[in-house]
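Each chain, letter by letter, is given below.
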Amino acid sequence: MTALGLPDTIQACLFDLDGVVTKTAVVHAAAWKETFDAFLRGYGGQRPFDPVADYDEYVDGRPRADGVRAFLVSRGIHLPEGDPDDPPEAPTVHGIGNRKNVLLLEKIHTEGVEAYDGTLRYLEAVRAHGLRTAIVSSSANCRDVLRSIGAEHFFDVRIDGVVAAERRLPGKPRPDTFLAAAHDLGVEPSGAAVFEDALAGMDAGRAGRFGYVVGVDRVGQADALYAHGADTVVKDLAELGGKE
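Conventions we followed
Residues numbered from 1 in each chain as written. Predicted model: local features only at pLDDT ≥ 70, side-chain atom pairs only at ≥ 80, totals over all residues. Heavy atoms only, no water. UniProt positions renumbered as here; feature names shortened; annotations may be inferred. Helix = DSSP H or I, 4+ residues; strand = E, 2+ residues; numbered from the N terminus. Buried < 20%, exposed > 50% of the residue type's maximum accessible area, 1.4 Å probe, protein only. Contact = heavy atoms within 4.5 Å. Salt bridge = Lys/Arg side-chain N within 4 Å of Asp/Glu carboxyl O. Pairing = 2+ DSSP bridges. Right-handed = clockwise from strand over helix to strand, strands pointing away. Axes fitted to C-alpha atoms, helices over the stretch in contact; angles between N-to-C directions. Parallel < 35°, antiparallel > 145°, perpendicular 65-115°, else oblique. Left-handed = near helix turned anticlockwise from the far one by under 90°. Nonpolar A, V, L, I, M, F, W, Y, C, P; charged D, E, K, R; others polar.

- The name an unreviewed UniProt entry assigns to the protein chain is Beta-phosphoglucomutase, from the organism Streptomyces sp. R39.
- Per UniProt, the comment on the protein chain under Sequence similarities (unreviewed entry) is "Belongs to the HAD-like hydrolase superfamily. CbbY/CbbZ/Gph/YieH family."

### What to know about the overall build of the protein chain
Step number 1: Within the protein chain, the regular secondary structure consists of ten helices and six strands.
Step number 2: Summarising its shape, the C-alpha atoms of the protein chain cover approximately 55 × 35 × 30 Å along the three principal directions.
Step number 3: The burial tally for the protein chain puts 54% of its 244 residues in the buried class.
Step number 4: Look at the contacts in the protein chain between residues 6 or more apart in sequence, and 61% of them connect residues 24 or more apart.

### Focus: the pattern of salt bridges
Step number 1: Counted according to the given criterion, the structure contains 18 salt bridges.
Step number 2: Note that glutamate 34 is salt-bridged to lysine 107, the shortest N-O span being 3.5 Å. Residue glutamate 34 is located in helix 1 (residues 25–40), and its partner lysine 107 is located in helix 4 (residues 93–111); the two are separated by 73 residues in the primary sequence.
Step number 3: Here glutamate 34 falls in the partly exposed class, since its relative accessible area comes to 39%.
Step number 4: By relative accessible area, lysine 107 is classed as buried at 17%.
Step number 5: Between arginine 69 and glutamate 81 there is a salt bridge, and its shortest N-O distance comes to 2.8 Å. Of this pair, arginine 69 sits in helix 3 (residues 64–74) while glutamate 81 is found in the loop between helix 3 and helix 4, placing the two residues twelve residues apart along the sequence.
Step number 6: For glutamate 81, a relative accessible area of 35% corresponds to the partly exposed category.

### Points about helix 9 (residues 199–207)
Step number 1: Within helix 9, burial applies to Leu199, Ala200, Gly201, Met202, Ala204 and Gly205.
Step number 2: Next to the buried residues of helix 9 lie helix 2 (53–59), helix 8 (176–185), strand 4 (192–196), strand 5 (212–216) and helix 10 (222–227).
Step number 3: After helix 9 finishes, the residue arginine 209 shows a positive phi value of roughly 55°.

### Some words on the pairing of strand 1 (residues 12–15)
Step number 1: Side chains Ala12 and Leu14 project from strand 1 onto one buried face, and the interleaved Cys13 and Phe15 project onto a second face that is buried too.
Step number 2: Sheet analysis places strand 1 next to strand 2 (residues 132–136), joined by four bridges and oriented parallel. Bridged to leucine 14 within strand 2 is alanine 134.
Step number 3: When strand 1 meets strand 4, the two strands line up parallel, connected through four bridges. Each bridged residue has a counterpart across the sheet, and for phenylalanine 15 the counterpart in strand 4 is phenylalanine 195.

### What to know about the pairing of strand 2
Step number 1: Most of strand 2 is tucked away: four of the five residues are buried.
Step number 2: Alignment of strand 2 against strand 3 (residues 157–159), held across three bridges, turns out to be parallel. Looking across to strand 3, one finds that alanine 134 is bridged to valine 157.
Step number 3: Viewed along the sheet, the connection from strand 2 through helix 6 (residues 142–148) into strand 3 turns out right-handed.

### Notes on the packing of helix 3 against helix 4
In a packed pair of helices, the relevant descriptors are the angle between the two axes and the axis-to-axis distance.
Step number 1: Running from N to C, helix 3 and helix 4 point in directions that differ by 115°, and their axes come no closer than 9 Å. Compared by their axis directions, helix 3 and helix 4 come out roughly perpendicular. The element helix 3 and its partner helix 4 pack so that their crossing is right-handed. Contacts between helix 3 and helix 4 involve Arg64, Ala65, Val68, Arg69 and Leu72 from the first element and Val93, His94, Ile96, Gly97, Asn98, Lys100 and Asn101 from the second.
Step number 2: Per-class residue counts for the contact of helix 3 with helix 4 are five nonpolar, four polar and three charged.

So, in structure tokens, the structure goes:
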């Protein structure tokens, strides 16, 4: 292992945004809960959205519409797909997803965005060692979030919700967005490491046959991260730095 805690075959690092670089996973979970609970009140007998169990299982790391669809199916609810520009009040998959995004942006603007210091230090070390880097996120707000914390310069490539839509890339747990990032960086998947906190991200790392998959355990789910494909699990990326 190198001083970065990675196999010496790794040439590039692919980082998820929410929960790895920024402390926004809890904000996402709160926005999802508010969105789904308001919707579920129209379905008698439905229990509220669980911001831990339901979030981890159905929406964390997935594109918005995929998360809506997966959660509703888990409750036996099927809605029309609608269109990506549906208004937030529309009773469609895209309408619910757009309502969540409205709430998310409100929370980000009122509460702000905070970065994980350990990740920023690790990114500095990765860059200093000459490895290439990419941010890989399902969020359409990725660039704005990176700019808000002054971290856009850390990444050579950005594959986010906007780019994925333009290229028609399916989201996690499919590996396509990570594979696109590796391709844009000019490295084979076997030469790239994936850094993720979501179970769907672990699945993507395993499916893409990447050289190393690092699970970032922010919520006490180390066993699940390993079960979904992590090669190692840390609570903070600072734990990887300095290893020989």
